[in-house]
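# Descriptive structure summary
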2 protein chains.
Amino acid sequence: MENRTEISSLGEFGLIEHLTKNFEIRQASTVLSVGDDAAVIDHFGKQTVVTTDLLIEGVHFDLMYTPLRHLGYKSVVVNVSDIYAMNATPTQITMSIGLSNRFSVEALDEFYEGVYAACEKYNVDLIGGDTSASQKGFIISVTALGEVTPGKFVKRNTAQKGDLICVSGTVGGAFLGLTILEREKKIYLENPQIQPDLENEKFIVGKLLKPEARKDIIEFFEQNGIVPTSMMDVSDGVSSEVLHLCRQSNLGCRIYEEKLPVSEEAKAAAFKFGLDPTACALSGGEDYELIFTLKQEDYDKITLQEEIAVIGYMADLEEGRKILTKGGNSFDITAQGWNAFQQ
Amino acid sequence: MENRTEISSLGEFGLIEHLTKNFEIRQASTVLSVGDDAAVIDHFGKQTVVTTDLLIEGVHFDLMYTPLRHLGYKSVVVNVSDIYAMNATPTQITMSIGLSNRFSVEALDEFYEGVYAACEKYNVDLIGGDTSASQKGFIISVTALGEVTPGKFVKRNTAQKGDLICVSGTVGGAFLGLTILEREKKIYLENPQIQPDLENEKFIVGKLLKPEARKDIIEFFEQNGIVPTSMMDVSDGVSSEVLHLCRQSNLGCRIYEEKLPVSEEAKAAAFKFGLDPTACALSGGEDYELIFTLKQEDYDKITLQEEIAVIGYMADLEEGRKILTKGGNSFDITAQGWNAFQQ
């Protein structure tokens, strides 16, 4: 039988000690970590980048098909992704969780295994947090800190007309992974005897459940002397993010449908569900890829980088924000609304 | 009739714009604020102090008797209090909220009025956050950043034998304020016709609903060349915090009951409820006063400071951690357990 240790048996400080005792410090800048009123960070002449995310069970994740280890990993990844999206390097995180007494210490250990795996992968220190009871559901709040050479951070509102619009990796996969998991959940709820078969969907299910932040792209920029003219991460879908870059930079754009990087696995899944792969790539969120603009003269620096696709260019405001389809048509780019409060 | 604007009518970015448009930047170190993937902070040779807190409706606050404006204010205060408890100066906060659709834009405005009032009072910038739907209840996650001259931060584990144990302001008031509000809530639920009369309880109700962080004490230290040997804020009660300082510094202590600073209002309320004021002072939380230890030679520097009470001294580990009562008895100091998960 599985062990179940009640969280109440450890007490708050016993729990914090239990969760953090094997965690080593990786960053020289971490002067003081978990265990006091606050943590202390030194800077050595760098600027600090700060971002935060709140993840709520039933809104941002479904524990029915999200392993706790993956959830812990992803909670860190979505935040370090925002740090990379500033062209900065993540260095520390704080992790606050609220959980009901249906969670055991063993369940929490699984979650933290994922948190620590992500901290190791992205070389960040967990320096603090808050552990609280919740009345219902699992609540995760992460703040990530990063560092950047003064003035080298990349904002959203600094794209220029004519700049190339680029996307890392592939997009739309996480949305199709979600579609598959929601279907399997429905089948399971109707007939718990049927075991889900996700063997052929590992890639897109992985894009959703265990995304990676594009540390490699930021390192590629550094190594090749590239500074994007604007950048953000793809959390709400390419359409939504392209519109952000356009609005904040006060520009229009052209996106080419045929240039959107969609994986073969995502195309196959879209086919199976009768969905348009382009719509999935434009409107599906949670890919945590980077979308950025480059000066045209930097084009030669990225031609050999297979993980970067040029999908279009920034245009004058008057030219609108349009996607040119494979069939030769042109449509205005629209973003999905923010529907969370309308459900 | 009261206006009610649905949050969904603004959309996520409209809401963020609505909530942050009138907020001005106060700190020179805030290089980039709300509106990008992350905020950017410069340091000018200082070290950064980081703390975070998660506040959940029904666990940490009851909206039945907590005005949203006060809640916004307190959410900031409890975090800047942790920054002061490091002998540091708060500079920036991030504010993430999760809320169900029972909240209107007007309700959220009230909450942010309190947030902004606290930011003004404590001279901090709101530099980011996350706004999310919740399935149930109001969730608040705040991270506060502060700055300190390198090496000047004060930890919990550095008290020395013989050091004086000091407390700012008065303690026990917030707990008695809570006791009164819980009683009034019960009366109201039984008979909604009866209006609560809190006129005589303003001070202690205020200690609970609108606490202040002890910025003045940190400034007093600075002005008088005092560096406490250890320090933390009083969020769980004096007993609990004294034990933290003792355990982390590997020492014992003596506390004198007669020296515990309890306000006249708290004493009167304790009398009315048949509670022991000393028990309220030792075990009641949420006062957000500072508890700290000083070298004996610093005693002369605080004798004229009415907001600081010396309540005892640090002793050898072997001497135990004891409170000496007015009646001449000696008891071991015990902390309330962490009962959140046992409810």
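Note on numbering: residues in each chain are counted from 1, in written sequence order. Whichever chain is written first is A, and whichever ligand is written first is 1; the rest continue in order. Only residues with pLDDT of 70 or above have their local features reported here, since the model is predicted, and side-chain atom pairs are shown and tallied only from 80 upward, although totals for entire chains, interfaces and linings are computed over all residues. Working from all heavy atoms in the structure, the side-chain values ignore hydrogens and water.

As recorded by an unreviewed UniProt entry, chain A carries the name Thiamine-monophosphate kinase and is attributed to Filimonas zeae. UniProt positions are given in the numbering used here, feature names are shortened, and annotations may be inferred rather than shown by experiment. Recorded in UniProt under Function (unreviewed entry), the annotation for chain A is "Catalyzes the ATP-dependent phosphorylation of thiamine-monophosphate (TMP) to form thiamine-pyrophosphate (TPP), the active form of vitamin B1."

## Topic: the UniProt feature "binding site: Mg(2+) 3" (unreviewed entry) in chain A
Mapped onto the present numbering, the UniProt feature "binding site: Mg(2+) 3" (unreviewed entry) falls on A:Asp37, A:Asp82 and A:Asp233. These residues run over 197 residues, and the two farthest C-alpha atoms among them are 32.1 Å apart, placing them at more than one spot. Secondary structure follows DSSP: runs of H or I at least 4 residues long count as helices, runs of E at least 2 residues long count as strands, and numbering of each begins at the N terminus. With respect to the helices and strands, the residue A:Asp37 is situated in the loop between β1 (30–32) and β2 (39–41). In this analysis, two residues are considered to be in contact whenever any of their non-hydrogen atoms come within 4.5 Å of each other. The residues touching A:Asp37, leaving out its near neighbours within four places in the chain, are B:Thr51, B:Asp82, B:Ala85, B:Met86, B:Arg156, B:Met231, B:Met232 and B:Asp233. Here A:Asp82 is to be found in helix α2 (residues 68–84). By relative accessible area, which is 10% here, A:Asp82 ends up buried. Between buried and exposed lies partly exposed: a residue is buried under 20% and exposed over 50% of the maximum accessible area for its type, with that area taken using a 1.4 Å probe on protein chains only.

## A look at the UniProt feature "domain: PurM-like C-terminal" (unreviewed entry) in chain A
Using the residue numbers shown here, the UniProt feature "domain: PurM-like C-terminal" (unreviewed entry) corresponds to residues 161–314 of chain A. For residues 161–314 of chain A, the end-to-end C-alpha separation is 5 Å, with 44% helix and 18% strand making up the annotated structure.

## Focus on the interface of chain A and chain B
On the side of chain B, 69 residues touch chain A, which itself brings 69 residues to the contact. With both chains or domains summed, chain A and chain B bury close to 5,600 Å², and 60% of this area falls on carbon and sulfur atoms. Any Lys or Arg side-chain nitrogen located within 4 Å of an Asp or Glu carboxyl oxygen qualifies as a salt bridge. Across the contact surface, chain A and chain B share four salt bridges. For A:Asp37, the salt bridge identified is with B:Arg156, shortest N-O distance 3.1 Å. Here a polar contact is taken to be a pair of N or O atoms separated by no more than 3.5 Å, where protein atoms must pair a possible hydrogen donor with a possible acceptor and residues adjacent in sequence count only if both atoms sit in side chains. The interface formed by chain A and chain B holds 25 residue pairs in polar contact (both at pLDDT 80 or more) in total. Counting residues per element, the side of chain A that touches chain B draws most heavily on strand β3 (residues 47–56) of chain A, which supplies nine residues. Following the grouping adopted for this structure description, the nonpolar residues are Ala, Val, Leu, Ile, Met, Phe, Trp, Tyr, Cys and Pro, the charged ones are Asp, Glu, Lys and Arg, and the polar ones are all others, Gly among them. When grouped by side-chain class, the residues that make up the side of chain A that touches chain B number 29 nonpolar, 26 polar and 14 charged. The criterion for strand pairing is that DSSP finds at least two bridges linking the strands in question. With three bridges joining them, β2(A) and strand β3 (residues 47–56) of chain B adopt antiparallel strand pairing. Opposite A:Val40, over in β3(B), you have B:Val49 as the bridge partner. Throughout, buried area stands for the accessible area (probe radius 1.4 Å) lost by two parts on being put together, summed over both.

## So, the side chain of B:Glu289
Residues and elements named next belong to chain B. With respect to the secondary-structure elements, Glu289 resides in strand β10 (residues 289–294). Separated by 2.6 Å, the side chains of Glu289 and Ser168 make a polar contact. In this structure the side chain of Glu289 is engaged in a polar contact, spanning 3.4 Å, whose partner is the backbone nitrogen of Gly169. In contact with Glu289, other than residues within four places in its own chain, are Val167, Ser168, Gly169, Thr170, Val171, Lys207, Arg214, Met232, Asp233 and Val234.

## Section: the relation of the copies chain A and chain B
Once turned by 180° and shifted 0.0 Å along the axis, chain A lies on chain B with an RMSD of 0.0 Å. Between the two chains, the operation in question is that of a two-fold axis. A least-squares fit on C-alpha atoms brings the copies together, and the residues used are those whose pLDDT is at least 70 in both copies.

## Things to note about the side chain of B:Ser249
All names here are of chain B. Counting through the fold element by element, Ser249 comes out in helix α7 (residues 238–249). Only 3.0 Å separates the side chain of Ser249 from the backbone oxygen of Arg156, close enough to count as a polar contact. Residues in contact with Ser249, not counting those within four places in the same chain, are Arg156, Asn157, Thr158 and Ala159.

## Quick word on helix α6 (residues 215–223) of chain A
Residue and element names in this part refer to chain A. Within α6 the residues assigned to the buried category are Ile217, Ile218, Phe220 and Phe221. Projection of α6 onto a plane perpendicular to its axis shows the buried side chains occupying an angular sector of 155°, all on one side. Facing away from the buried side of α6 by over 90 degrees, the exposed positions are Glu222 and Gln223. Those residues of α6 that are buried are in contact with α2, β7 (164–168), β8 (230–234), β10 (289–294), α10 (299–302) and β11 (308–315). Immediately beyond the C-terminal end of α6, within one or two residues, lies Gly225, with a positive phi of roughly 60°. For this quantity, the arc is that covered by the directions from the helix axis to the C-beta atoms.

## Focus: helix α1 (residues 11–20) of chain B
Structurally, the α-helix is built with 3.6 residues per turn, so residues lying three or four positions apart point the same way. Residues of α1(B) that are buried include every one of B:Gly11, B:Glu12, B:Leu15, B:Leu19 and B:Thr20, and no others. Summarising the contacts, the buried residues of α1(B) are in contact with α3 (105–122) and β5 (125–133) of chain B.

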